[in-house]
Amino acid sequence: MTDNIAAGPHTDGYLGDPAVRAEWDDRYTERQQLWSGRPNGALVAEVAGLTPGRVLDVGCGEGADAVWLARGGWDVTALEVSGVALERAAGHARDAGVAIHWVHATLTEAALPPASFDLVSAQYPALLRTPDAAAERALLAAVAPGGVLLLVHHAGMDTRHADDGGFDPADYVWPSMVADLLDDDWEIEVDEQRPRVAPEGGAGSHHTDDLVLRVRRLR
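An account of the accompanying structure is given in this report. Please read these numbers as outputs of a predicted model, since none were measured by experiment.

**Description of the overall build of the protein chain**
At step 1: Of regular secondary structure, the protein chain possesses six helices and seven strands.
At step 2: Taken from the N to the C terminus, the helices and strands of the protein chain come in the order α-α-β-α-β-α-β-β-α-β-α-β-β.
At step 3: Contacts in the protein chain between residues far apart in sequence, at least 24 positions, make up 73% of those at least 6 positions apart.
At step 4: When the accessible surface of the protein chain is split by element, carbon and sulfur atoms take 48% of a total near 10500 Å².

What follows is the structure, given as structure tokens:
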């Protein structure tokens, strides 16, 4: 892991599929600001009762969640495939005066220390599905004993039909797939659909309901 990122979006240290990086770099480049700049409502609600520790922010985007967590006393590691997004996130962290560990990688290629995070937060992640459930297992593997995995997604997305824009829900990981992998080492604390507390503006603001999965690793 590293505290810094290179100046350009196409860093040599990136770990993962170059096509995935390019796709997300292009998406961020199209707009000066893709997201609202404020933390996700489900994260704010679910973290309220937790003691700050080490947190992994999966798919940190432009860094709103990571900066909010760092301001709350968390030791933040923020992972993102887009170098463009990471540059913006790092700028926001500097402006806020907080230190964050940036990782330019896909989740499955990041070589994160296992069982070491008190909180793993994945807010609306675009995790690609594989036959071996690599992304789902990577999420669970990162959680320390006693720690929490918080996975939030847009309700209804998992049941949509493939569209002409290339989106096929069968390509992605959804909360139910992670829940299916849980064994006796895990306790489900929240598994529900609820109205979304959405920051105003930014991509995805039209989604009205969340799927929230919060699970705790017992050992």
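Picking up where we left off.
**Some details on helix H1 (residues 18-29)**
At step 1: Between its first and last C-alpha, H1 extends 16 Å over 12 residues, near the 16 Å set by a 1.5 Å rise per residue.
At step 2: Within H1, burial applies to Val20, Arg21, Trp24, Asp25 and Tyr28. The buried side chains of H1 occupy one side of the element, clustering within an arc of 130° when seen end-on. Summarising the geometry of H1, the exposed residues directed more than 90 degrees from the buried face are Pro18 and Thr29.

**Some remarks on the nonpolar core**
At step 1: Core analysis: the largest hydrophobic core is formed by 27 residues, its most contacted members being Leu69, Trp74, Val76, Ile100, Trp102 and Leu119.
At step 2: Leave out the neighbours within four places in its chain, and Leu69 touches Leu43, Val47, Val55, Trp74, Val76 and Leu119.
At step 3: In terms of nonpolar packing, the next biggest core, distinct from the first, is built from 25 residues, Ala110, Val120, Ala142 and Leu151 among them.

**Focus: helix H5 (residues 134-141)**
At step 1: Here H5 has its buried residues at Ala135, Glu136, Leu139 and Leu140. Burial along H5 is one-sided: seen end-on, the buried residues are contained in an arc of 135°.
At step 2: Those residues of H5 that are buried are in contact with strand E1 (54-58), strand E4 (117-123), strand E5 (143-154), helix H6 (175-179), strand E6 (186-195) and strand E7 (209-217).

**Topic: the packing of aromatic side chains**
At step 1: Considering all chains together, one arrives at one aromatic pair under this definition.
At step 2: For the pair Trp24 and Tyr28, a centre-to-centre distance of 6.3 Å together with 45° between the ring planes defines the contact as tilted. Remark: Tyr28 and Trp24 occur in helix H1; sequence separation between them is four residues, near one turn of the helix. The exposure classification of Trp24 matches that of Tyr28, with both residues buried.
At step 3: The ring centre of Phe117 lies 4.8 Å from the NZ or CZ of Arg54, which sits over that ring.

**Comments concerning the side chain of Arg194**
At step 1: Mapped onto the secondary structure, Arg194 falls in strand E6.
At step 2: Looking at Arg194, its side chain comes within polar contact range of the side chain of Glu192, at 2.9 Å.
At step 3: Residues contacting Arg194, with those up to four places away along its chain left out, are Glu46, Thr208, Asp209, Asp210 and Val212.

**Points about the sheet that holds E6**
At step 1: Read from one edge to the other, the open sheet built from seven strands follows the order E3-E2-E1-E4-E5-E7-E6, with strand pairing classed as mixed. Two strands bound the open sheet, and with one partner strand each, they are strand E3 (101-104) and E6. Strand-to-strand twist of the sheet, defined as the mean angle between neighbouring strand axes without regard to direction, takes the value 15°.
At step 2: Relative to E7, E6 runs antiparallel, the two sharing nine bridges. Its bridge partner lying in E7, Pro195 is registered against Asp209.
At step 3: Along the sheet face, helix H3 (residues 64-71) touches E1, strand E2 (75-80) and E4 and points at about 175° away from the line of E2.

**Regarding the pairing of E2**
At step 1: With five of six residues buried, E2 is to be regarded as a mostly interior element.
At step 2: Note: E1 against E2, five bridges, orientation parallel. Across the sheet, Arg54 pairs through a bridge with Asp75, a residue of E2.
At step 3: Crossover handedness for the path E1 to H3 to E2: right-handed.
At step 4: Across four bridges, E2 lies against E3 in parallel orientation. In the strand pairing of E3, Glu80 is matched with His104.
At step 5: Remark: the E2/helix H4 (residues 83-96)/E3 crossover connection has right-handed handedness.

Parameters and conventions
- Residues numbered from 1 in each chain as written.
- Predicted model: local features only at pLDDT ≥ 70, side-chain atom pairs only at ≥ 80, totals over all residues.
- Heavy atoms only, no water.
- Helix = DSSP H or I, 4+ residues; strand = E, 2+ residues; numbered from the N terminus.
- Contact = heavy atoms within 4.5 Å.
- Areas by Shrake-Rupley, 256 points an atom, 1.4 Å probe, with all protein chains shown as cover.
- Expected span 1.5 Å × (residues − 1).
- Buried < 20%, exposed > 50% of the residue type's maximum accessible area, 1.4 Å probe, protein only.
- Arc of directions from axis to C-beta.
- Core = buried A, V, L, I, M, F, W, Y, C linked by side-chain atoms within 4.5 Å.
- Phe/Tyr/Trp six-rings, centres within 6.5 Å; stacked < 30°, edge-to-face > 60°.
- Lys NZ or Arg CZ within 6 Å of the ring centre and 35° of its normal.
- Polar contact = N/O pair within 3.5 Å; in protein donor to acceptor, adjacent residues only side chain to side chain.
- Pairing = 2+ DSSP bridges.
- Axes fitted to C-alpha atoms, helices over the stretch in contact; angles between N-to-C directions.
- Right-handed = clockwise from strand over helix to strand, strands pointing away.

Just geometry here; none of it tells us what the structure is for.
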